[in-house]
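An overview of the molecular structure
Okay, here's what each chain looks like letter by letter:
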Amino acid sequence: MTIEKYPAKRHALRVNQRWCELAPEHFSSMAEAPVLLLASPRTVKWPFCDQTQPFRQNRNFYYLSGCDLPDSYLTYDTSCQTLVLYLPPVDADEVMWSGLPISVDEAKTRFDVDDVRYSNRLASDLALLYGKRTVFTVEQLTCSDHAQVLGELPNIVKAVAEADSHVLEALEESRVIKDEYELGLMRQAAAISDKAHLKVMSTMNIHTNETHIHAEFVYHSLRAGSKNQSYDPICCSGHSCSTLHYVKNDEDLAGRQLILIDAGAEWKNYASDVTRTYPINGEWTMEAREIYDLVLHMQTSCEKLVAPGASWEELHLLAHKILVKGFLELGIFKGGSEEEILESRVSSAFFPHGLGHMLGMDTHDSGGRANYSDPDPMFRYLRIRRKLEPGMVVTVEPGIYFSPFLINPCLRGDEDLGNGGKFIDTDVLDKYWDVGGIRIEDDVLVTETGHENFTKVPKEPDVLSAIIKKALATS
């Protein structure tokens, strides 16, 4: 049976082409064309302990190798588009504890590279084969962890920070557009997350603490073969739902209205990122349902417009416009037109983050071109500042939050939202504090003609309610 390999060579060629476009001066002579050197993370022990820290593969290394092993190196010779993977030599003591590692011959069969060697050859290969060439890296190779393999060579390897940032840009931009192989991995990650989210909803009868929500999601991810989460699951309830990256996940659910679970399984180093919010007892309060319907309107309206050429800033702005109009209808905002309230940026006190972000090997994947120093609070945390292109995968995740840490400064006239507080009706606002926060998030591929939503887990409020009630009826 032929197993399709992760397309490392195709990725390397894409990086090479982008690097040529960004820095053509390096490629004027093939005899002097640069060499790229990448390293996977070292095996590191915890301080004062013989246990090793969890391993997470360097995403750029994986992109050009498909290899998910620590203590390895990769060279890419741009003059002949040759990829060479260097694995750590076999250590007899380690074999006793951990078993035989993958052999060089097995690695040649498994990985889409031109050659595989042991890393005790790396220093001599660099000196002999590339001695007169410029070797670039995006790693920090001057530390003692690499000295045994590289010897004095780090002194002649040019790090990006010192030499040419174009190579890092070429790597990050290449990763923005996913090929069909990558999309297959992301669809699998999304499918696992769908099932895990549905299992959490369908077992609400046995959950009495946020930790139970966390455990249920991770359990079903593991059962489906996903050994790692894309990020620490966010499992919050009640007022804690207003904390964007809440990871305590340990409070009791009693007396609270909503659960917000933001969790995504990882599949072969590719991420999913899904958020659902629903009532703990299956019954929406009037205020929670009003806010949920508004967030769902924000999300579906923006998702419909995901297509090649769409401006992410414009979609983000649309979400804020829908929020402002909805808050005026609910009475939370008053005393101004939609345009005046939008210009005041008071909506950023309720929707402080961006509409979404790039998704790939990293949850907040490369290539978004965010501008975190933007003086405009509405766009400061927007992680995508570019037009959409086919092959991009993005999250669409608007939210509305009732956080006193964000809203009270606005009411006092502090900081960026100085005059926005005057548009808030505090008497009406008081009815919504217990909602905490609501976010809905799907993973969306930009296609040639529009988009494809990878996320299939239900988000319609009546469907969510029915699932929870059915679970509770089995108690």
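Predicted, not measured: the structure shown is a model, and the values here were computed from it.

A closer look at the overall build of the protein
Broken down by element type, the protein carries 15 helices and 16 strands. Relative to a compact globule of 475 residues, whose C-alpha radius of gyration would be 23 Å, the protein shows 25 Å and is just as compact. Its C-alpha atoms put the protein at 75 × 50 × 45 Å along the principal axes. For the protein, the proportion of its 475 residues judged to be buried stands at 55%. Sequence-distant contacts in the protein: of pairs separated by 6 or more residues, those separated by 24 or more amount to 72%. Accessible surface, the protein: about 21,300 Å² in total, of which carbon and sulfur atoms supply 52%. For the protein, the distance from the average position of its 47 positive side-chain charges to the average position of its 70 negative side-chain charges is 3 Å.

Examining the packing of helix α10 (residues 286-304) against helix α11 (residues 312-330)
In the contact formed by α10 and α11, the axes pass within 9 Å of each other and the chain directions differ by 155°. Classified by the angle their axes make, α10 and α11 are roughly antiparallel. Remark: the crossing between α10 and α11 carries right-handed chirality. Across from E290, I291, L294, H297, M298, S301 and C302 in α10, the residues of α11 making contact are L315, L318, A319, I322, L323, G326, F327 and L330. For the contact of α10 with α11, the per-class residue count stands at 11 nonpolar, 3 polar and 1 charged.

Remarks on the sheet that holds strand β15 (residues 442-446)
Strands sit in the order β12-β15-β16 across an open sheet of 3 strands; the sheet is antiparallel. Unpaired on one side and paired on the other, β12 (393-396) and β16 (451-453) mark the two borders of the sheet. Across the sheet, the mean angle from the axis of one strand to that of its neighbour is 30°, orientation sign disregarded. Direction of pairing for β12 relative to β15: antiparallel, over a ladder of 4 bridges. The residue of β15 that forms the bridge with V393 is L445.

Side note on the side chain of Q229
For Q229, the position within the fold is in the loop between α9 (210-223) and β7 (234-237). Overall, Q229 belongs to the buried group, its relative accessible area being 18%. A distance of 3.4 Å separates the side chain of Q229 from the side chain of S221, its partner in a polar contact.

Here's the deal with the nonpolar core
Within the largest apolar cluster, 72 residues are counted, with the highest numbers of intra-cluster contacts made by W312, F327, F333, F350, I400 and F402. Residue contacts for I400: discarding those within four places in its chain leaves I291, L294, V295, M298, L323, F327, F350, G437 and I438. Within the second largest apolar cluster, 45 residues are counted, among which are F61, L83, F136 and W267.

Structural notes on the pattern of salt bridges
Think of it this way: side chains of opposite charge can pair up when their charged atoms draw near. Tallying each qualifying case throughout the model produces 32 salt bridges. For D362, the salt bridge identified is with R56, shortest N-O distance 2.8 Å. Here D362 is found in the loop between α12 (338-344) and β12, whereas its partner R56 is found in the loop between β1 (35-39) and α2 (59-63), with 306 residues between them in sequence. Look at R56 and you get partly exposed, because its relative accessible area is 45%. The salt bridge involving K459 is made with D442; its shortest N-O contact spans 2.5 Å. Here D442 lies in strand β15 and K459 lies in the loop between β16 and α15 (461-473), a separation of 17 residues in the sequence. Classification of K459 by relative accessible area gives buried; the value is 12%.

Some thoughts on a negative patch on the surface
Among the surface-exposed residues, E329, E338, E339, E340 and E343 lie close enough to one another that they form a single negatively charged patch. Counting residues per element, the negative patch draws most heavily on α12, which supplies 4 residues. With respect to the element layout, E340 can be found in helix α12. In this structure E340 comes out as partly exposed when scored by relative accessible area, which is 45%.

Let's talk about the packing of aromatic side chains
In the structure shown here, the tally under the stated rule is 12 aromatic pairs. A ring pair is formed by Y6 and Y62, whose centres lie 4.8 Å apart and whose planes are at 55°; its orientation type is tilted. Taken together, the residues Y6 in the segment before α1 (8-22) and Y62 in helix α2 connect sequence positions 56 residues apart. You can call Y62 buried: its relative accessible area is 6%. With 5.0 Å between their ring centres and 80° between their planes, F327 and F350 make a pair best called edge-to-face. Of this pair, F327 sits in helix α11 while F350 sits in the loop between α12 and β12, and the two are 23 residues apart along the sequence. Among the residues examined, F350 registers a relative accessible area of 0% and is labelled buried. Taken together, F327, F333, F350, F402 and Y432 form an aromatic cluster joined through their ring pairs.

Things to note about helix α8 (residues 180-202)
For α8, built from 23 residues, the straight-helix expectation of 33 Å at 1.5 Å per residue is met to within 8% by its first-to-last C-alpha distance of 33 Å. By the N-cap criterion, in which a side-chain oxygen at the helix start approaches the backbone nitrogen of a residue two or three places on, α8 is capped by D179, the distance to Y181 being 3.2 Å.

Observations regarding the packing of α10 against α15
One can describe the packing of α10 onto α15 by two numbers: an axis separation of 11 Å at closest approach and a directional angle of 125°. The orientation of α10 relative to α15 falls into the category oblique. Each of R289, Y292, D293 and L296 in α10 lies in contact with α15, whose residues at this interface are P461, D462 and L464. Along the lines of polarity and charge, the residues of the contact of α10 with α15 split into 4 nonpolar, no polar and 3 charged.

Considering α11
Between the first and last C-alpha of α11 there are 27 Å, a value that for 19 residues agrees with the 27 Å anticipated at 1.5 Å per step. Of the positions making up α11, those classed as buried are W312, L315, H316, L317, A319, H320, I322, L323, V324, G326 and F327. Phi turns positive, to about 90°, at G331, one or two residues after α11.

Rules behind the numbers
Residues numbered from 1 in each chain as written. Predicted model: local features only at pLDDT ≥ 70, side-chain atom pairs only at ≥ 80, totals over all residues. Heavy atoms only, no water. Helix = DSSP H or I, 4+ residues; strand = E, 2+ residues; numbered from the N terminus. Rg over C-alpha atoms; globule rule 2.2 N^0.38 Å. Buried < 20%, exposed > 50% of the residue type's maximum accessible area, 1.4 Å probe, protein only. Contact = heavy atoms within 4.5 Å. Areas by Shrake-Rupley, 256 points an atom, 1.4 Å probe, with all protein chains shown as cover. Lys, Arg positive; Asp, Glu negative; His and termini not counted. Charge placed at Lys NZ, Arg CZ, Asp CG, Glu CD. Axes fitted to C-alpha atoms, helices over the stretch in contact; angles between N-to-C directions. Parallel < 35°, antiparallel > 145°, perpendicular 65-115°, else oblique. Left-handed = near helix turned anticlockwise from the far one by under 90°. Nonpolar A, V, L, I, M, F, W, Y, C, P; charged D, E, K, R; others polar. Pairing = 2+ DSSP bridges. Polar contact = N/O pair within 3.5 Å; in protein donor to acceptor, adjacent residues only side chain to side chain. Core = buried A, V, L, I, M, F, W, Y, C linked by side-chain atoms within 4.5 Å. Salt bridge = Lys/Arg side-chain N within 4 Å of Asp/Glu carboxyl O. Patch = residues over 30% accessible without salt bridge, like charges linked within 9 Å, V, L, I, M, F, W, Y side chains within 5 Å. Phe/Tyr/Trp six-rings, centres within 6.5 Å; stacked < 30°, edge-to-face > 60°. Expected span 1.5 Å × (residues − 1).

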